[in-house]
Amino acid sequence: MSDFGETLPYHENRMFLNYDKLDQWGFPTIVFDAEFKENERKMKKDWKVQSQKYLKLLVVKMLKYMIVTHLLTKEFTKWVKQECGIILKLQF
């Protein structure tokens, strides 16, 4: 699973050529001087929350499918219904 977000452009973030360090063809190397700020940190926290939410939904849907199609053993199905009964009643 991966997440995607936008990094906002900040005036103090910059890119420049380093003429003191050349690449294998003799061209100056590129240096990026940038940092993530509060917006990106908040977005990273939200990624974790949203990922957990979708993973939980996926697990519930998979369990419901497995129970309906009888892919689980009777013992495991019984345990899932007892332990996860409230979750399995959710409508999607």
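Just above, that's the structure.
Quantities reported herein were computed from a predicted structural model and do not represent experimental measurements.

Caption draft 1: Summary view of the overall build of the chain. When its secondary structure is counted, the chain shows three helices and two strands. Across the chain, helices and strands are ordered from the amino to the carboxyl terminus as β-β-α-α-α. Looking at the chain as a whole, 15% of its 92 residues are labelled buried. Pairs at least 24 residues apart make up 43% of the contacts formed inside the chain by residues separated by at least 6 positions. In the form shown here, the chain has an accessible surface area of approximately 8,500 Å², with 61% of it arising from carbon and sulfur atoms.

Caption draft 2: Seen up close, the pattern of salt bridges. A full pass over the atoms with the stated rule returns four salt bridges. Here Glu35 and Lys37 are joined by a salt bridge, their closest N and O atoms 3.0 Å apart. Notably, a salt bridge pairs Arg41 with Glu38, separated by 3.7 Å at the nearest N-O pair. Residue Arg41 and its partner Glu38 are located together in helix H1 (residues 38-68), separated by three residues, close to a single helical turn. For Arg41, a relative accessible area of 46% corresponds to the partly exposed category. Residue classification places Glu38 among the partly exposed positions, given a relative accessible area of 42%. A single salt-bridge network, built from bridges that share partners, covers Glu12, Glu35 and Lys37.

Caption draft 3: View of a positive patch on the surface. Residues Lys42, Lys44, Lys45 and Lys48 make up a contiguous surface patch of positive charge. As for its placement among the helices and strands, Lys44 is situated in helix H1. Overall, the relative accessible area of 48% leaves Lys44 in the partly exposed class.

Thresholds applied
The residue numbering used here restarts from 1 in each chain and proceeds along that chain's sequence as written. Selection of residues for local features in this predicted model requires a pLDDT of at least 70, selection of side-chain atom pairs for listing and counting requires 80 or more, and totals for whole chains, interfaces and linings are taken over all residues. To get the side-chain values, all heavy atoms of the structure are used, and hydrogens and water are removed first. The helix count covers DSSP runs of H or I at least four residues long, the strand count covers runs of E at least two residues long, and both are numbered beginning at the N terminus. Buried means the residue's accessible area, taken with a 1.4 Å probe over protein chains only, is under 20% of the maximum for its type, while exposed means over 50%, and partly exposed covers the values in between. Should any heavy atoms of two residues lie within 4.5 Å, those residues are considered in contact. Areas reported as accessible are Shrake-Rupley estimates using a 1.4 Å probe. Residue values count occlusion only from the protein chains shown. We define a salt bridge as a contact between a side-chain nitrogen of Lys or Arg and a carboxyl oxygen of Asp or Glu at a distance within 4 Å. Patch membership requires more than 30% relative accessible area and the absence of a salt bridge. Residues of like charge join within 9 Å; the nonpolar side chains Val, Leu, Ile, Met, Phe, Trp and Tyr join within 5 Å. By the counting scheme adopted, Arg and Lys are positive, Glu and Asp are negative, and His together with the chain ends is not counted. For the purpose of locating charges, the reference atoms are NZ of Lys, CZ of Arg, CG of Asp and CD of Glu.

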